[in-house]
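Here are the chains, one letter per residue:
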Amino acid sequence: MKIRSAVTSLTILFVLGITKIVVAGNIEGTVKDDSDAPVELARVTLTELDMSTVTDSNGVFVFRNVAHGTYHILVSLHGYRTKSEKIDVGAGRNEIIITIEKGLIETPTIDVTGTFGTTDISNSTYSVSSIGPRAISKKRGENIASTIDEIPGVSNFSTGNAIGKPVIRALTSQSILVVHDGIKNESQQWGDEHGPEISTFDIDRIDIVRGPASMIYGAYGIGGVVNIISKSLEYSQSDNPLTYGSIDLNGFSMNSEGAGNLMFGIGTKNFGIKSFAGYRKGGDIKTPEGELTVLTPSGNRTLTGGMLFNSGTEEFNAGGKAGFKGEFGFINLDFQNLTRQIQIHEDPEEEPDATPNQRIVTNHFEAKAGINLSKKFQLEPLVSYEYNKRKEFESADDKDAGLPSLDLNLATFSGDLRMSNSLSDKLSGAFGMSLTVMNNESLGEEKLIPNYDAYSFGAYFAQTFEEKHYTLSIGGRYDLKKENIKETVFEVDSTGTPTNVVSPNDLEFNSFSGSAGAVYKPAGYIDIYANVGTGWRPPSEFDLYADGVHEGTGRFDRGLLVNDPELVPEPERSLNIDFGARLRTKYLTAEVSVFRNRINNYIYPSPTGMIDPESNLPIYDIRQATSTFWGLEYSLQAQPSDWLLLSLNGDYVNTRNDLTGNALPFTPPAKNILGLKIQKDNIGAIYNSYFEFTARLVAEQTQVDPLEAVTEGYTLLDAGVGFDFVLSKSIASVDLSVSNLADLKYADHLSRYRYYAMNPGRSFNLKLTVPFQF
């Protein structure tokens, strides 16, 4: 009932917001190259209104009925450097000419994640990276984390190929945020093997912000944000409806995996709708043949290559989106479903025939609008409801019999009411409030976490002042979270009498978060930026009450209040300092950033060295200690000729538990990635044909918790070829790559299988993307 009341209240505000109508105009633009020739089939996105179109044969594009205001137009086309232009829209025709340069360098041009609006990257006070549409179609992995793990400062905490958790600056799970179209992904993210429940298809762009984001997104996000932005709706530029869509096909040989997605949409001048459906199925993972000796906490162990039994996956995703735009602004409605079945490979020395598995179903509903109250103010209501059902089974037989060991149902309502402002050409920002209501039911034999209700409220503001040579930004936020823990029976004896019961408990946490940053631009191609920000994270219900076997992680977890019932839990609070510089020229781009993040009451799982006698699994305790993280990221792209691109990027992070003086568990090793790309403009009907080669150098990780083991360094070689071609007024692409080209035997430090299984061997991968329009 409480979730229903919250939905009703936010819906009323949502409806009231669209009653104000303002004057609108049309944006009529032309995209040209640096020789003044028109550019056809360039993708043009009006970022604030979440709509896009493509240029015609004359390089012309049109956005109709755009309300008065200031907007960012993003233009992208493979073989050209992405360009962002700002435009002030008034009544009638608003003309603009955008010139894009041919080039192979790919860098972000706007920041929509580290701010409440859209900011040119030269004015961003954060360390930001981005992957655009063409790079996503080429790099799309089996999950979100594997798609972005080559970005500096980002790693993949993996459980086989199906599950990947993004790691930013050595922080993961609920210490970072995964945001999908403005909504935090909540799907029981406390679990090491609980990946973001988001499909890798129907994605236009992925932005990564390194550093605390609590000021913008509330609790969590101490380490950074992964912002996943779906493909925009398209509207017709003429009186005739526009029909469009795309077909995406992926294949991976190392687990005989195939995946496909079909998207289809229709747009008129003011109404747009699209739907999509996809399917993915992969078999057992193949690792390199032969033997590899690795260190484990109990000594050396020899791993044998071959197929990893019970490591397959199956996935179905579907959804739809509808939108209406007019002089008032826009309204979008969105639905997505993701259903996944995942097999978990167990240690073959302990249970060679074990078949644990998971089934996760996530349904997500969202309504979002941008209501133009005047040229200076826009009301942005957003409401969402997500239902995540997670079942974990000890065996395939249990799954067939419908007997889950872990059965969690999580319902989450989220609402945000924001007032964005553009007070002048130099001053802009936002203020608003947010509400989240959560209800969890633990229904399985193994509870692990109690039944609970949780309520979060936040109020925030932020302003940015932009001058020619500098930018200043400041913001603050207050958050309150209440947790209503319900009585939950964790264990019973043979007669059914409860032996382990969590008693009802009411907990409350609150915090102020803030951020202040500055950018100095001594020249038009150099930005020097600094940011000081605070973040916070209240202990999750798992952190507090976990007490039992977690089949997905192969651990026996014990929470803070299980070890010390008298403990008064404290939230994590962080202070992060970032300093960096960006260089952008036609033939060279570079960025370097250094950071220090000190987190009080940092929450982490720590191995105890003990074994649970009943399950024979290692016991991990959830602990808290003040911890310090510091490190750096860098990236460099150089284009010495029209056809050659050289790149170098990498990162290093150091962690320290200030209580013990030891490193924290699961600290990513340093990595450096060298790349070479040769690309030709066109060969007949083939465009942007390329060959690329990368070498990923990962250092030995000696920075480990005393109950962890050191992992050896390794060098992975990858190679790929691909090209674009025009089909049905759109640009299609084909990419063929080979990962782990040398079939190297290795165990990655952030693989949860590393003590008993190698990482995947050589894989031939095919990616085909065929958009269409008629």
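Given the structure is predicted, the values throughout are model-derived calculations rather than measurements.

## A look at the overall build of the chain
Secondary structure assignment for the chain yields seven helices and 45 strands. With the C-alpha coordinates aligned to their principal axes, the bounding extent of the chain is approximately 80 × 55 × 50 Å. Expressed as a percentage of the 774 residues in the chain, the buried residues total 61%. A separation threshold of at least 6 residues defines the contact pool for the chain, and within that pool the share at least 24 residues apart is 66%. Element-wise, carbon and sulfur atoms account for 57% of the exposed surface of the chain, whose accessible area totals about 29,500 Å².

## Description of the sheet that holds strand 3 (residues 51-54)
By definition, the strands of a sheet pair up through backbone hydrogen bonds, in either a parallel or an antiparallel sense. Within the open sheet, the five strands sit side by side as 6-5-2-3-17. Their pairing is mixed. This sheet does not close on itself; its edge strands, each paired only once, are strand 6 (83-89) and strand 17 (233-234). As judged from the four bridges shared by strand 2 (residues 43-46) and strand 5 (residues 69-76), these two strands associate in the antiparallel manner. Within strand 5, the residue paired with V44 across the bridge is V75.

## Focus on the nonpolar core
Ranked by internal contacts, the top residues of the largest apolar core, which has 37 residues, are Y217, Y452, F542 and Y545. When residues of this core are traced back to their parent elements, those giving at least two are strand 13 (177-180), helix 4 (214-217), strand 27 (406-422), strand 29 (452-466), strand 33 (505-523), helix 6 (541-545) and helix 7 (560-563). Of all hydrophobic cores here, the second largest spans 29 residues; its members include M51, I73, L77 and L233.

## Some points on a negative patch on the surface
Side chains of E350, E351, E394 and E445 sit close together on the surface and give a patch of like negative charge. Here E351 is to be found in the loop between strand 24 (329-343) and strand 25 (357-372).

## Thoughts on the pairing of strand 40 (residues 644-657)
Side chains on a regular strand alternate between the two faces of the sheet. In the sheet, strand 39 (residues 618-641) pairs with strand 40 via 13 bridges, with the strands oriented antiparallel. Opposite S627, over in strand 40, you have N657 as the bridge partner. Two successive antiparallel strands, strand 39 and strand 40, enclose a turn made up of two residues. As paired elements, strand 40 and strand 41 (residues 671-683) share eight bridges and run antiparallel to each other. Residue S647 lies in a different strand from strand 41, and its bridge partner there is G675.

## So, unusual backbone geometry
Despite not being glycine, N310 has its phi angle at roughly 60 degrees, a positive value. Its location among the elements puts N310 in the loop between strand 22 (299-304) and strand 23 (313-326). Using a relative accessible area of 6% as the deciding quantity, one classes N310 as buried. Its identity is not glycine, yet N601 carries a phi of approximately 60 degrees, on the positive side. Position of N601 among the secondary structure elements: in strand 38 (residues 588-611).

## Some points on the sheet that holds strand 16 (residues 224-230)
The strand order across the open sheet built from five strands is 10-15-16-13-14, with neighbouring strands paired in mixed fashion. At either end of the open sheet lies a strand with only one pairing partner, and these are strand 10 (127-131) and strand 14 (183-184). Bridge count between strand 15 (residues 203-210) and strand 16: seven bridges; the pairing is antiparallel. Each residue of the ladder has a partner; that of I203, found in strand 16, is S230.

## Topic: the pattern of salt bridges
One pass over the full model with this rule turns up 47 salt bridges. Of the charged contacts, one joins K286 and E289 as a salt bridge, the two residues approaching to 3.6 Å between their closest N and O atoms. Here K389 makes a salt bridge to D407, at a shortest N to O gap of 3.8 Å. Highlighted residues: K389 in strand 26 (residues 377-393) and D407 in strand 27, separated in sequence by 18 residues. Classification of K389 by relative accessible area gives partly exposed; the value is 25%. In this structure D407 comes out as buried when scored by relative accessible area, which is 9%. One network of salt bridges, with partners in common, ties together R169, R210, D578 and E633.

## Here's the deal with a nonpolar patch on the surface
Taken together, the side chains of Y470, L472, Y520, I528, F579, V594, W630, L632 and Y652 define a hydrophobic patch exposed on the protein surface, amounting to about 810 Å² of accessible area. Mapped by element, the contributors of at least two residues to the nonpolar patch are strand 30 (470-485) and strand 39. Note that L472 resides in strand 30. Overall, L472 belongs to the partly exposed group, its relative accessible area being 43%.

## A look at the confidence of the model for the chain
Summary statistics for the chain give a mean pLDDT of 89 and a share of 96% for residues scoring 70 or more. With pLDDT under 50 throughout, residues 10-21 is counted as low confidence; its partners more than four residues away or in other chains account for 22 contacts.

## Points about the packing of aromatic side chains
Across all of its chains, the model carries 14 aromatic pairs by this definition. Where F324 meets F328, the ring centres are 5.9 Å apart and the plane angle is 20 degrees; that geometry is what we call stacked. Residue classification places F324 among the partly exposed residues on the basis of a relative accessible area of 39%. Clustering of aromatic rings is evident, with ring pairs tying together F264, F772 and F774. Here the basic side chain of K138 rests over the ring of Y690, its NZ or CZ set 5.1 Å away from the ring centre. Directly above the aromatic system of Y235 lies the positively charged group of K325, at a separation of 5.3 Å from the ring centroid.

## Focus: the environment of K389
Distance from K389 to Q188, taken between C-alpha atoms, is 9.5 Å for residues 201 residues apart in sequence. Those residues in contact with K389, other than ones at most four positions away along the chain, are R359, I360, V361, D407, L408 and N409. Within polar-contact distance, the side chain of K389 engages the side chain of N409 at 2.9 Å.

## Quick look at the side chain of K325
By secondary structure assignment, the location of K325 is in strand 23. E327 provides the closest opposite charge to the buried, unpaired K325, separated from it by 10 Å. A distance of 2.7 Å separates the side chain of K325 from the backbone oxygen of R64, its partner in a polar contact. The residues contacting K325, other than those within four sequence positions of it, are M51, R64, Y235, K269, N270 and F330.

Conventions adopted
All chains use their own residue numbering, which begins from 1 and follows the written sequence. pLDDT decides what is reported in this predicted model: residues at 70 or higher carry local features, side-chain atom pairs at 80 or more are listed and counted, and totals for whole chains, interfaces and linings draw on all residues regardless. Each side-chain value is derived from all of the structure's non-hydrogen atoms; neither hydrogens nor water enter the calculation. Secondary structure follows DSSP: runs of H or I at least 4 residues long count as helices, runs of E at least 2 residues long count as strands, and numbering of each begins at the N terminus. Only protein chains enter the accessibility calculation, which uses a 1.4 Å probe; a residue is then buried when its area is under 20% of its type maximum, exposed when over 50%, and partly exposed in between. Contacts were defined at the residue level, with two residues in contact if any of their heavy atoms lie within 4.5 Å. All accessible areas in this document rest on Shrake-Rupley with a 1.4 Å probe, and a residue is counted as covered only by the protein chains that are shown. For two strands to be treated as a pair, DSSP must find no fewer than two bridges joining them. Each nonpolar core is a collection of buried residues, namely Ala, Val, Leu, Ile, Met, Phe, Trp, Tyr and Cys, held together in the definition by side-chain atoms within 4.5 Å. Nonpolar side chains (Val, Leu, Ile, Met, Phe, Trp, Tyr) are joined into patches within 5 Å and like charges within 9 Å, using only residues with over 30% relative accessible area and no salt bridge. Every case where a carboxyl oxygen of Asp or Glu lies within 4 Å of a side-chain nitrogen of Lys or Arg is listed as a salt bridge. By the counting scheme adopted, Arg and Lys are positive, Glu and Asp are negative, and His together with the chain ends is not counted. Just so you know, the charge point we use is NZ for Lys, CZ for Arg, CG for Asp and CD for Glu. The score called pLDDT rates the predictor's confidence residue by residue, from a low of 0 to a high of 100. By convention, a stacked pair of Phe, Tyr or Trp rings (six-membered ring in the case of Trp) has centres within 6.5 Å and planes under 30 degrees apart, an edge-to-face pair has planes over 60 apart, and any other such pair is tilted. Both a distance and an angle decide whether a charge sits over a ring: NZ of Lys or CZ of Arg must be within 6 Å of the ring centre and within 35 degrees of the ring normal. In protein, a polar contact means a hydrogen-donor-capable atom and an acceptor-capable atom, both N or O and within 3.5 Å, with residues adjacent in sequence counting only if both atoms are side-chain atoms; elsewhere, any N or O pair within 3.5 Å suffices.

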